[in-house]
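Topology and contacts: notes
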Amino acid sequence: MKFSYALIKKMVPGLPSIHKVKNELYLKAFDVESASGDVININLPPNRWADASSHWGIAKELAAIFNLKCIFNPLKGFANKKLKGKKTVKVEIKNNKLCPRYLAFSFSISKIGDSPGWMQNILKNCGLRPINAVVDIMNYIMLETGQPLHAFDAERVFKGIVVRKAKNNEKIVAIDGSEFNLDESDLVIADYQKPLAIAGIKGGKTSEINVNTKNIIVESANFDSANIYKTSKKIGLKTDASLRFSHGLSPELADIGIKRASVLLREICGAKLESITDIYPKKRPEIILKFDLEKLNNLIGFEFDKKTVSDILQRLGFSLTSPAGLSAGHINFVKPPSLRTDINIFEDLAEEVARIYGLNNIKSKAPIVSLKIAETDTIITLKEKIREIMVLVGFSEVYNYSFSEKKEDSSIEILNPISRDKKFLRTSLMSGLLKNIEDNYRFFDAIKIFEIGKVFEEGGKEYWKLAAGIYLRPKDDLRLKNGLWSKGNFKSENSLRELKGVLEELFNRLGIKNFYFKEEGEFLKIFAGQKDLLGNLLIYSDKLSLGCKSVFEIDLEKLSEIYKGDLEYALISPYPIIERDVSMYINEKLKVGLIFDSIKNLGILDIARIDIVDYYREKEDEKKKLSITLRFVFQSTKQTLSDEEVNQKISKIIEDLQSKFSVIIR
Amino acid sequence: MLRKSKLKDIFEKTAKEIKNADSVSVLDNIRFQCLGRKKGLITSVLRNLKNLSIKEKREIGPLIQKIQKELKKLFDEKEKELSKKTEKNISDITLPAQKIQAGHFHPLAKVEKEIKEIFSSMSFSVVEGPEIETEYNNFDALNIPPNHPARDMWDTFWLKPTNSKEQIINNKNRKLLLRTHTSPVQVRYMQTHKPPFQIIAPGRAFRYEATDAFHETNFYQVEGLMVGEKISLANLKFIIEEFLKKFFDDPKMEFRFVPSYFPFVEPGIQVDIRMEKLSVGHKLSVGHKKSDWLEIMGAGMVHPNVFKAVGYDSLKWQGFAFGMGLDRLAMLKYKISDIRLFHSGDLRFINQI
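All values reported here derive from a predicted model rather than from experimental measurement.

Here is what the cut-offs are and how they apply
- Residues numbered from 1 in each chain as written.
- Chains lettered and ligands numbered in written order.
- Predicted model: local features only at pLDDT ≥ 70, side-chain atom pairs only at ≥ 80, totals over all residues.
- Heavy atoms only, no water.
- Phe/Tyr/Trp six-rings, centres within 6.5 Å; stacked < 30°, edge-to-face > 60°.
- Buried < 20%, exposed > 50% of the residue type's maximum accessible area, 1.4 Å probe, protein only.
- Lys NZ or Arg CZ within 6 Å of the ring centre and 35° of its normal.
- Domains from an automatic or database assignment.
- Contact = heavy atoms within 4.5 Å.
- Buried area = accessible area lost by both parts, 1.4 Å probe.
- Axes fitted to C-alpha atoms, helices over the stretch in contact; angles between N-to-C directions.
- Helix = DSSP H or I, 4+ residues; strand = E, 2+ residues; numbered from the N terminus.
- Parallel < 35°, antiparallel > 145°, perpendicular 65-115°, else oblique.
- Left-handed = near helix turned anticlockwise from the far one by under 90°.
- Nonpolar A, V, L, I, M, F, W, Y, C, P; charged D, E, K, R; others polar.
- pLDDT = per-residue confidence, 0-100.
- Core = buried A, V, L, I, M, F, W, Y, C linked by side-chain atoms within 4.5 Å.
- Pairing = 2+ DSSP bridges.
- Salt bridge = Lys/Arg side-chain N within 4 Å of Asp/Glu carboxyl O.

Time to look at the packing of aromatic side chains. Tallied over the entire structure, the rule returns 30 aromatic pairs over all chains. Aromatic side chains B:Phe119 and B:Phe124 sit 5.1 Å apart centroid to centroid with 65 degrees between the ring planes, which places their arrangement in the edge-to-face category. Overall, B:Phe119 belongs to the buried group, its relative accessible area being 1%. With relative accessibility at 1%, the residue B:Phe124 sits in the buried group. What links up through ring pairs into an aromatic cluster is the set B:Phe119, B:Phe124, B:Phe243, B:Phe247, B:Phe248, B:Phe320 and B:Phe322. The positively charged end of A:Lys10 is found above the aromatic ring belonging to A:Trp118, 5.4 Å away from the centroid. The side chain of A:Lys500 reaches across the aromatic face of A:Phe517, ending 5.2 Å from its centre.

Rendered as structure tokens:
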């Protein structure tokens, strides 16, 4: 909100330079966006519009900060003498909750000309356009005191003013010609024929004043803030008036504003006040707060003395009950100024004292508390651990948006998406990772990434997931044949095998022993613990980029249930290792996983490890066979194994594979 | 004196072999032949020494010692020479580095971890809350009234209601949204825990607004909350100062505490910092035209209405809360100029540090 420094300085003589004002205001009251020329631009917090969305309000604040006097008195020059002659304006309020106060003053005017130059300058500096003397005075009073006013052409108001709810579909044309469609939740100012204005927001065309207007009715009212806020939002119209009313103004301000207007109308337009109407059935209750110095010092952590505190409060216009000020430990009573609707509890007073005293003058102090061990939820520890392991095995961490373009059965839809491709909440991290891989194609031959993030499901459910993706591409230009890479070291399975290796390493380091994989359609399902499904692993070959990518996703909520974090080291066998390589042809449809399962089921002792060291397809004309080489590593923890023993074990395995899968040993 | 001449032969032959050796392994082999413990030529002579007369022993003993000493010297010299040669053959130490394929943490994860460590060292527990929140926890319980412009301080993503009965029962028919800040974790924690305590709650939050280099729809915050019988504003200042000095590793950091407004605290403050490493004209201070101070976080004393909303006795308990933008801290710390990089998945960015 823009303010004229010159006008403020007129209200507070002795005010320092605009830059000093800007700095002190920032340190003690409001966020000041800028100050240049005559204009100070202030970001008022929502709770201070009631008293400070005006030059007078800022002047009072600055007077308190600099310990100066604000000499502006808006009631000065208003003589409350008995008015005789014409009858008063009839005002009927249908809903007192939505309109706690309504003042209507009527004036006769001989001629409406232009407003004086000084007033036009202030209006312009504050971003308003001068129109004519009466309208300008209305606007000026709003800038000066904070009270929005509206002037009606009295001749065009039929019988009197009614403050009522709009009818459904009631239309009103605003001063600028735009039309608005209202309903029963909106408040209008009407006469006994037609709506005259959208209450607290904008005046209507029908009763607009012009240069020939001779009699005017000036409205100064108070409206329910929530109602004005809702209507303004609904019809998409924000005005200087609606903004002020939306934040909530004090009904006391309505009276001050209209009296000040009367003075200026008389001085500038020679207007004669004809009548006064003031409907204010339920006065706003006065707020009186208990004040306890000890409580203040406890809350702020500082030793304020009573003199400092009472001085600050008085400078801000608060009245204190005991003329001697505050005494330590004793409850005193403090009454805030009537326009300070933001002051409702003791803590509000504490803020006033602390900020005017200067938050930077309050020394920081270490808290004194009894020692307690800090705790962290399992899932938080687990996430941190997983993050470290993933980085350790060479994966880089990415963050993707929680949004998704795709709708799944269980997707949650966003009512107000920011864009079309962010209409839903993600149900999986996988598609994000695949996109990341594509985005990085151009720059890397190998991409290894992971994400730890939330996915969402219908009913407001959300789960932590870990997903990892890997993309590998041969460095030479290879051709894809029969779904397998046939040349060089690169094989399309590499990405899948490495990702499985990552999972094994991950589970290992987390101390999760009983995990296994199971093929199900295109997925490899990942299980652990009591047969809990943790997630899926998928492989994609990418003909376009001549590469191959795989992704997995596992559920961290389930993992955290089986995660114990217990790890132990095993004894290292002192006996030698014996290796045997077995090469064989297998049917191309045969899954290597079955071979491994079968060997495992034989229950042969002392097999330390089985590796697959070769896996390739013979040339096409040779019956489409796959050739594999398995390396068996034998080691006992009790003795040195003899060649004969190992040969027996190998024979047993070969016999089994021959009979079950008709493998041909090379 | 057969033995004497034999010894001489051995010496000369070996000396010649040493001279001609062209690798360390050849040299090792020669040494083994000559001085080996079991079958070495000199060793076997030594072994037979016991069969000789005292006179012979006196004569040959010193000779053997001399030969051994001499040979050892030759071996050592040759070995030195050979190994020098080998080293030279292997490396040109000015060759460029080979790029290591290593994993990298996301910068926000790094910053989050650091923050957690600093607060853990001050005995703060780490907690988390859901990203989908009820309107009540996100606003009402935090003293942010409905239909008031104060609520406009948070641009909100609303979720489409489903007809699921579960949702209606669980959430008391309250609207669901993506949390606009991590502050609802305060409400959740206090509803289930008794004071005194001190916690931080890091996590993702959402804001309905157009993105640019400094604004994102998905962003990260760290919420802090400390409640006790005598936790004061001066304590708040202490904790925040300690944290920021440590985080930016700048013991000389300057602080400025200015009044601010958040409905869930009273008094409400904003924390500005100034330090040499982030001097005037730093590009990251966009949206901040007031000198070289940087707005770093919002904070304040917990509003009694928040205590009341979670069922605490607001006359007995007092405490502070603070909230800061993790993205902003990361941008300042690592001199990142565009917030959108965080969600780009671009490894040219992530893999830098």
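From this point on, the discussion continues.
Turning next to the domain arrangement of chain A. All names here are of chain A. For chain A, the assigned domains read domain 1 (2–66), domain 2 (91–279), domain 3 (289–359), domain 4 (378–562) and domain 5 (578–665). Each of domain 1 and domain 2 has a C-alpha centre, and these two points are 26 Å apart. Contact with domain 1, which involves 14 residues of that partner, is made by 16 residues of domain 2. Roughly 1300 Å² of surface becomes buried between domain 1 and domain 2 when both sides are summed, with 66% attributable to carbon and sulfur atoms. By the criterion of area lost to domain 2, the three top residues of domain 1 are Trp49, Ala50 and Trp56, representing 37% of everything that side buries.

Attention shifts here to the packing of helix H6 (residues 133–145) of chain A against helix H9 (residues 251–269) of chain A. All names here are of chain A. It is the contact of H6 with H9, at a shortest axis distance of 9 Å, that shows an interaxial angle of 140 degrees. With respect to H9, the element H6 is oriented oblique. Of the two possible hands of crossing, H6 and H9 adopt the one that is right-handed. On the side of H6, the interface is formed by Ala133, Val134, Ile137, Met138, Tyr140, Ile141, Glu144 and Thr145, while H9 contributes Leu253, Gly257, Arg260, Ala261, Leu264, Leu265, Ile268 and Cys269. Considered class by class, the residues forming the contact of H6 with H9 number twelve nonpolar, two polar and two charged.

We now examine the confidence of the model for chain B. In this model, chain B carries an average pLDDT of 86, and 90% of its residues clear a pLDDT of 70 or more. Low confidence marks residues 279–290 of chain B, where pLDDT is under 50. Its contacts with residues over four positions away, or in another chain, come to 19 contacts.

Turning to the nonpolar core, a few remarks are in order. Counting 183 residues, the largest nonpolar core has A:Ile554, A:Leu559, B:Ile115 and B:Leu244 as its most contacted members. Considering every element that reaches this core, the biggest residue donor is H9(A), with nine residues. Not counting chain neighbours up to four residues away, the residues in contact with B:Ile115 comprise B:Ile200, B:Val222, B:Phe243, B:Phe247, B:Met324, B:Leu326 and B:Leu329. In this structure, A:Val157, A:Ile189, A:Ala199 and A:Ala221 belong to the second largest nonpolar core, which totals 33 residues.

What follows concerns the sheet that holds strand S15 (residues 289–291) of chain A. Whenever strands of a sheet pair, they do so through backbone hydrogen bonds, lying parallel or antiparallel. Residue and element names in this part refer to chain A. Pairing is antiparallel in the open sheet, where three strands are placed in the order S15-S17-S16. Strands at the two margins of the open sheet, each flanked by one partner only, are S15 and strand S16 (319–320). With three bridges joining them, S15 and strand S17 (residues 332–335) adopt antiparallel strand pairing. Note that in S17 the partner of Leu289 across the bridge is Val334. In the packing of helix H12 (residues 346–357) onto the sheet, contacts are made with S15 and S17, and the angle to S15 comes to roughly 60 degrees.

Our focus in this paragraph is the interface of chain A and chain B. Residue-level contacts link 84 residues of chain A with 87 residues of chain B. With both chains or domains summed, chain A and chain B bury close to 7400 Å², and 58% of this area falls on carbon and sulfur atoms. When the buried area of chain A at its contact with chain B is split by residue, A:Tyr26, A:Tyr399 and A:Tyr401 rank highest and sum to 10% of it. The tally of links from chain A across to chain B stands at five salt bridges. A salt bridge links A:Lys383 to B:Glu128; the shortest N-O distance between them is 2.6 Å. If you tally residues by element for the side of chain A that touches chain B, the top one is strand S21 (residues 446–457) of chain A, at seven residues.

Let's shift gears to the pattern of salt bridges. Side chains bearing opposite charge may pair, as long as their charged atoms lie close to each other. All names here are of chain A. Across all of its chains, the model carries 61 salt bridges over all chains by this definition. A salt bridge links Arg101 to Asp255, with the shortest nitrogen-to-oxygen separation between them at 3.9 Å. With Arg101 in strand S5 (residues 101–108) and Asp255 in helix H9, the pair connects residues that are 154 residues apart, well separated along the chain. For Arg101, a relative accessible area of 5% puts it in the buried group.

Per-residue pLDDT for chain A has a mean of 90; in total, 93% of the residues score no lower than 70. Across chain A, strand S18 (residues 396–397) of chain A holds the top mean pLDDT of 98, while strand S23 (residues 480–481) of chain A sits lowest at 46.

Residues and elements named next belong to chain A. With antiparallel pairing, the four strands of this open sheet are ordered in space as S30-S31-S29-S32. The sheet is open, and its two borders are formed by strand S30 (607–617) and strand S32 (664–665), each paired with just one other strand. Judged from the two bridges that link them, strand S29 (residues 578–587) and S32 form a sheet pairing that is antiparallel. Looking at S32, one finds that Met584 is bridged to Ile665. Strands in contact with helix H18 (residues 643–661) are S29, S30, strand S31 (625–634) and S32; relative to S29, the strand with the most contacts, it is inclined by about 15 degrees.

A word on the packing of helix H5 (residues 107–121) of chain B against helix H9 (residues 233–247) of chain B. All names here are of chain B. For the pair H5 and H9, interaxial distance at closest approach is 10 Å and the crossing angle is 135 degrees. Considered as vectors, H5 and H9 are oriented oblique to each other. Remark: the crossing between H5 and H9 carries right-handed chirality. Counted together, Val111, Glu114, Ile115, Ile118 and Phe119 of H5 and Ile239, Phe243, Lys246 and Phe247 of H9 form the full contact between these two elements. Among the residues forming the contact of H5 with H9, the class breakdown is seven nonpolar, no polar and two charged.

Note: interface size is frequently given as the accessible area lost on complex formation between the parts. Per the domain assignment, the segments of chain B are domain 1 (2–90) and domain 2 (107–128 + 180–350). Relative to domain 2 of chain B, the C-alpha centre of domain 1 of chain B lies at a distance of 76 Å.

Another point: unusual backbone geometry. All names here are of chain B. In this model, Pro195 is joined to Pro196 through a cis peptide bond whose omega is 0 degrees. For Pro196, the location among the structural elements is in the loop between helix H8 (184–192) and strand S4 (197–206). In this chain, Glu266 is followed by Pro267 through a cis amide linkage whose omega measures -5 degrees. If you check the backbone angles, Asn143 has positive phi at about 65 degrees while not being a glycine.

Moving on, we get to the pairing of S21(A). Looking along a regular strand, one sees side chains alternate from face to face of the sheet. All names here are of chain A. Most of S21 sits inside the fold, with ten of its twelve residues counted as buried. For S18 and S21, the ladder comprises two bridges, and the chain directions are parallel. Paired with Glu397 across the strands is Phe450, a residue of S21. Direction of pairing for S21 relative to strand S22 (residues 461–472): antiparallel, over a ladder of twelve bridges. If you follow Lys454 over to S22, its bridge partner there is Trp464. The antiparallel pairing of S21 with S22 creates a hairpin that spans three residues between the two strands, and Gly459 there sits at a positive phi of about 90 degrees.

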